[in-house]
Amino acid sequence: MSEPSFQDDVLNELGDDKLTEIAGLLGTDTDGARQTVSETVGAMTGDLQEKADDGDDEVRQAFAEVSEPPLQGVATLGGGLGGLLGGGMMAGVLSKVSKPVANAVSKKTGIPAPTVMRVIEMLIPVLMAVFAKRAAGRGTAGASGAAAPGAAAPGAAASEGPDLGDLLGQILGGRK
């Protein structure tokens, strides 16, 4: 039952072409780009988790919005399109955390903060697509069954609203 990490899902969603583009932006090879993306994604998701744990209503609402994409059928047409269409609030939340994250990653890696910001701008749609895919995987008709033992019927859980800790754990692959 080893599930890929959130960073792995983001790297897979990015694909080789985008990773090569990021490597060029950073002036490194794809391994360096992969490491920077993982560091950046870890910082962003950690910041989101912290804000949610501190009761930030905007972050909580953004994750609730992503967990119930309104146009699920569209997701099959363009990779992560359904998540992008349903992720207006999440895009805003990600944009808000991007500057502090860019500064933190810059301090840790030595990469200039404006360069890290450009990487983050490339990552935001990918992050939203992965959030939407992970949320859909945890909440749709038996997609992974083991994800929510003892949970209510899928319709009931959605109408009552998922427990945010469980939702974040499912989406980010972190703690429960």
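Keep in mind that this is a model prediction, so the values were computed, not measured.

**Looking at the overall build of the protein**
Moving on, step 1. Secondary structure summary: the protein contains eight helices and zero strands in total.
Moving on, step 2. Helices and strands in the protein line up, N terminus first, as α-α-α-α-α-α-α-α.
Moving on, step 3. Looking at the protein as a whole, 38% of its 176 residues qualify as buried.
Moving on, step 4. Long-range pairs, those at least 24 residues apart, make up 71% of the contacts in the protein between residues at least 6 apart in sequence.
Moving on, step 5. For the protein, the exposed surface amounts to about 9,100 Å²; the carbon and sulfur share of it is 52%.

**Notes on the environment of E121**
Moving on, step 1. Inspection of the secondary structure assignment puts E121 in helix α6 (residues 113-139).
Moving on, step 2. Taking the C-alpha atoms as reference, E121 lies 9.4 Å from L94; in sequence the two are 27 residues apart.

**Describing the pattern of salt bridges**
Moving on, step 1. The tally for this structure, following the rule as stated, stands at five salt bridges.
Moving on, step 2. When the shortest N-O distance is used, the salt bridge between R134 and D9 registers 2.7 Å. With R134 in helix α6 and D9 in helix α1 (residues 6-26), this residue pair connects regions lying 125 residues apart in the sequence.
Moving on, step 3. The exposure class assigned to R134 is buried, which follows from its relative accessible area of 8%.
Moving on, step 4. Salt-bridge contacts for K18 lead to E21; the nearest nitrogen and oxygen are separated by 3.5 Å.

**A closer look at the environment of V101**
Moving on, step 1. The residue V101 is located in helix α5 (residues 88-109) in this model.
Moving on, step 2. Sequence separation of V101 and E39 is 62 residues, and the distance between their C-alpha atoms is 9.8 Å.

**Things to note about the nonpolar core**
Moving on, step 1. The biggest cluster of nonpolar side chains holds 39 residues, and the ones touching the most others in it are V10, I22, V37, L94, L123, L127 and F131.
Moving on, step 2. Secondary-structure elements contributing two or more residues to this core are α1, α2 (30-53), α3 (57-67), α5 and α6.
Moving on, step 3. Per-element tally for this core: the top contributor is α6, with 13 residues.
Moving on, step 4. When near neighbours in sequence (up to four residues on either side) are disregarded, V37 contacts V10, L11, L14, L19, I22 and L123.

**Points about the packing of α1 against α2**
Moving on, step 1. Contact geometry for α1 and α2: axes closest at 8 Å, N-to-C directions at 125°. Judged by the inter-axis angle, α1 sits oblique to α2. For the crossing formed where α1 meets α2, the hand is right-handed. Residues F6, Q7, V10, L11, L14, L19, T20, I22, A23 and L26 of α1 form the contact with α2, whose participating residues are T30, A33, R34, T36, V37, S38, V41, G42 and T45.
Moving on, step 2. Among the residues forming the contact of α1 with α2, the class breakdown is 11 nonpolar, seven polar and one charged.

**Points about α1**
Moving on, step 1. Helix length check: α1, at 21 residues, gives a terminal C-alpha distance of 22 Å against a target of 30 Å (1.5 Å per residue), a shortfall beyond 12%.
Moving on, step 2. When the local axis directions of α1 are compared, the greatest deviation, roughly 95°, occurs at G15.

**Looking at the packing of α2 against α3**
Moving on, step 1. In the contact formed by α2 and α3, the axes pass within 7 Å of each other and the chain directions differ by 115°. When the axes of α2 and α3 are compared, the pair comes out roughly perpendicular. At the point where α2 passes α3, the crossing takes the left-handed sense. Judged by residue contacts, L48, K51 and A52 of α2 engage V59, R60 and F63 from α3.
Moving on, step 2. Classifying every residue of the contact of α2 with α3 by side-chain character gives four nonpolar, no polar and two charged.

What counts, and at which threshold
- Residues numbered from 1 in each chain as written.
- Predicted model: local features only at pLDDT ≥ 70, side-chain atom pairs only at ≥ 80, totals over all residues.
- Heavy atoms only, no water.
- Helix = DSSP H or I, 4+ residues; strand = E, 2+ residues; numbered from the N terminus.
- Buried < 20%, exposed > 50% of the residue type's maximum accessible area, 1.4 Å probe, protein only.
- Contact = heavy atoms within 4.5 Å.
- Areas by Shrake-Rupley, 256 points an atom, 1.4 Å probe, with all protein chains shown as cover.
- Salt bridge = Lys/Arg side-chain N within 4 Å of Asp/Glu carboxyl O.
- Core = buried A, V, L, I, M, F, W, Y, C linked by side-chain atoms within 4.5 Å.
- Axes fitted to C-alpha atoms, helices over the stretch in contact; angles between N-to-C directions.
- Parallel < 35°, antiparallel > 145°, perpendicular 65-115°, else oblique.
- Left-handed = near helix turned anticlockwise from the far one by under 90°.
- Nonpolar A, V, L, I, M, F, W, Y, C, P; charged D, E, K, R; others polar.
- Expected span 1.5 Å × (residues − 1).
- Bend = angle between axes of the 7 residues up to and from the residue.

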